[in-house]
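Next come the chains, spelled out residue by residue.
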Amino acid sequence: MLPLLLVIDDDMTLNRLIVGQLNRLGYAATGVYSWADAQHYLQQHDPQLIILDCQLPDARGSEVLPSLALDYPVIMLTAYGNVKDAVKAMRDGAAEYLLKPVNMDELELIIRKTLDTHNMKKEFLYLKENAKKRRSFMIGTSKELKNVEKMIDAVAPSSMTVLIQGESGVGKELVAREIHERSQVAKSGYVALDCCTMQENLFESELFGHEKGAFTGADRQKKGLIESAEGGSLFLDEIGEITPTIQAKLLRVLETGRFRRLGGNRDLSANVRVVAATNRDLLAMSQEGQFRADLFYRLNAFTIYVPPLRERTKDIPALVEHFIRNHDFSRRVNKHLTEAALHKLLHYAWPGNIRELKNMVERAIILSADSAEILPEHFTLNSEHSAHPNASTTRKAVSLSFEEVPTLDEVEKSYVHLLLSKYSGHRGKVARALGISERNVYRLLRKYELAAVNTEFE
């Protein structure tokens, strides 16, 4: 769309000359000859710029300028200019102040500069306003999610190390990002590293950096992610997967705030806040010698547990709406779920949590093609994890027998033992069946001296 310009000048010859020239230059210019005509025009149009004469037959341009400049960039024209009038006009909001006769080349340059400046100012104000409205990565209104947010609000302003625990796919990285965004270092860097995707040497180089010649192919010095996150936050995802060597070096960073690049002999300062996440039971791993106990207690300074989606089903409608509105493909049709489709999602256990829900919604968007409605048949869910209201009538009964009336501990022990047998000792599956964390399962096993296979959540 062509920029809309308004020329307000009672000199008809000059007005028509300016309007004609501006239209030839690619603008959509209109001319009026009085303040009354200008007011009528402005009631129906919204020009990007106004060229205003200082002296009109029914008003003084200098008197209407202050109110006009609140909404539009204004270039003032005058046949009798002086420094005092020019200074006053600029103070009252004029973008420029020109003397007649107008040099058209000069006017063209000033119009372009004024429009560019005005557009930059609008963009700056827009970005500034959006910056005030902090975007939240947390989607939902459930009590469980609100509890997580309370924990985030409590720890975010500090520089304390945070450990985020929860099953795979619950959104631990989003919690880490939210901690950063609500912290005092939000304007500094946020760097994330997945601890289970690289070999030890590559991981060490990525995290700490390396010096030139540190290993074959290291033809130059490279800064690590600790340095990249200087003054900000470093998120270490799946921290339970790092090797003992890396554990020792990371412990040194947390205890001393110092580290060395791979192949280096000089200590560097680590001015960074560490946030780690895991879907494993680090306490159990540390007690079994699979994870350094001293590192665990360093990471465990403040723990946030993110509940699985099956414990916060109230958030599913909001999450689905978010995924529909923010998918990055096939936006030809505005999609929505039918009540039956939503009912199907609400009565599913979601073993893959939010990640699984997101994938299912995006798949349903594709399968629903040009239809605006997403139907139940567009979701293919594993029947093993369905949790329909009438499921109690179709599930096999669980039977526990005792010779005498058992205590609560005896019932609990027997039930845990039954589940261990059912799931071949897999602690993660037992945790899902009980609806508790794997850490709590480990405590029950120790309490009742039961054995289990040490597995992470699947």
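The sections below set out a description of the structure shown in this document. (Residues numbered from 1 in each chain as written. Predicted model: local features only at pLDDT ≥ 70, side-chain atom pairs only at ≥ 80, totals over all residues. Heavy atoms only, no water.)

With that settled, consider the pairing of strand β1 (residues 4-8). Taken residue by residue, a regular strand's side chains alternate between the two faces of the sheet. Most of β1 is tucked away: five of the five residues are buried. Both β1 and strand β2 (residues 28-32) contribute to a ladder of five bridges, which runs parallel. Among the inter-strand pairings, V7 is bridged to a residue of β2, identified as G31. Between the parallel pair β1 and β2, the chain is carried across by helix α1 (residues 12-24), and the sense of this crossover is right-handed. In this sheet, strand β3 (residues 49-53) lies alongside β1 in parallel orientation, the contact comprising four bridges. Across the sheet, residue L6 finds its bridge partner in β3, namely I50. (Buried < 20%, exposed > 50% of the residue type's maximum accessible area, 1.4 Å probe, protein only. Helix = DSSP H or I, 4+ residues; strand = E, 2+ residues; numbered from the N terminus. Pairing = 2+ DSSP bridges. Right-handed = clockwise from strand over helix to strand, strands pointing away.)

What follows concerns the sheet that holds strand β16 (residues 303-305). A sheet is described by the order of its strands in space; here five strands give the open sequence β9-β12-β15-β8-β16, paired in parallel fashion. What marks the edges here is a single partner per strand, and that holds for β9 (190-194) and β16. For this sheet, the mean inter-axis angle between neighbouring strands, taken without regard to orientation, is 20°. The sheet contact formed by β9 and strand β12 (residues 233-237) spans five bridges and is parallel. Note that in β12 the partner of A192 across the bridge is F235. Helix α7 (residues 172-181) contacts β8 (162-165), β9, β12, β15 (273-278) and β16 of the sheet and is inclined by roughly 150° relative to β8. (Axes fitted to C-alpha atoms, helices over the stretch in contact; angles between N-to-C directions. Contact = heavy atoms within 4.5 Å.)

On to the sheet that holds strand β7 (residues 96-99), then. Taken in spatial order, the five strands of this open sheet run β2-β1-β3-β6-β7, and their pairing is parallel. On the outer flanks of this sheet lie β2 and β7, each paired with one strand and no other. Here the strands of the sheet are splayed against their neighbours by 20° on average, with no regard to which way each runs. In terms of strand pairing, β3 meets strand β6 (residues 74-78) through four bridges, oriented parallel. Along β6, the bridge assignment pairs I50 with V74. With respect to the sheet, α1 is in contact with β1, β2, β3 and β6, its orientation differing from that of β2 by roughly 170°. The sheet contacts of helix α2 (residues 35-44) involve β1, β2 and β3, and relative to β1 the element is tilted by about 160°.

This brings us to the packing of aromatic side chains. The description of an aromatic ring pair uses the distance of the two centres, along with the angle that the planes make with each other. Summed over all chains, the structure comprises three aromatic pairs. When the centroid spacing of 4.6 Å and the interplanar angle of 90° are considered together, the rings of Y348 and W350 count as edge-to-face. Among the residues examined, W350 registers a relative accessible area of 0% and is labelled buried. (Phe/Tyr/Trp six-rings, centres within 6.5 Å; stacked < 30°, edge-to-face > 60°.)

The grouping of L400, F402 and V411 at the surface amounts to a nonpolar patch, some 200 Å² of accessible area in total. Within the secondary structure, V411 is located in helix α16 (residues 408-422). Assessed through its relative accessible area of 31%, V411 is described here as partly exposed. (Patch = residues over 30% accessible without salt bridge, like charges linked within 9 Å, V, L, I, M, F, W, Y side chains within 5 Å. Areas by Shrake-Rupley, 256 points an atom, 1.4 Å probe, with all protein chains shown as cover. Salt bridge = Lys/Arg side-chain N within 4 Å of Asp/Glu carboxyl O.)

An α-helical turn contains 3.6 residues, so any two residues separated by three or four positions project in the same direction. R427, G428, V430 and A431 are the residues of helix α17 (residues 427-434) that are buried. The arc that holds the buried residues of α17, viewed along the axis, is 160°, so those residues lie on one side. Against the buried residues of α17 lie α11 (282-287), α16 and α18 (438-448). Phi turns positive one or two residues past the end of α17, at G435, with a value near 75°. (Arc of directions from axis to C-beta.)

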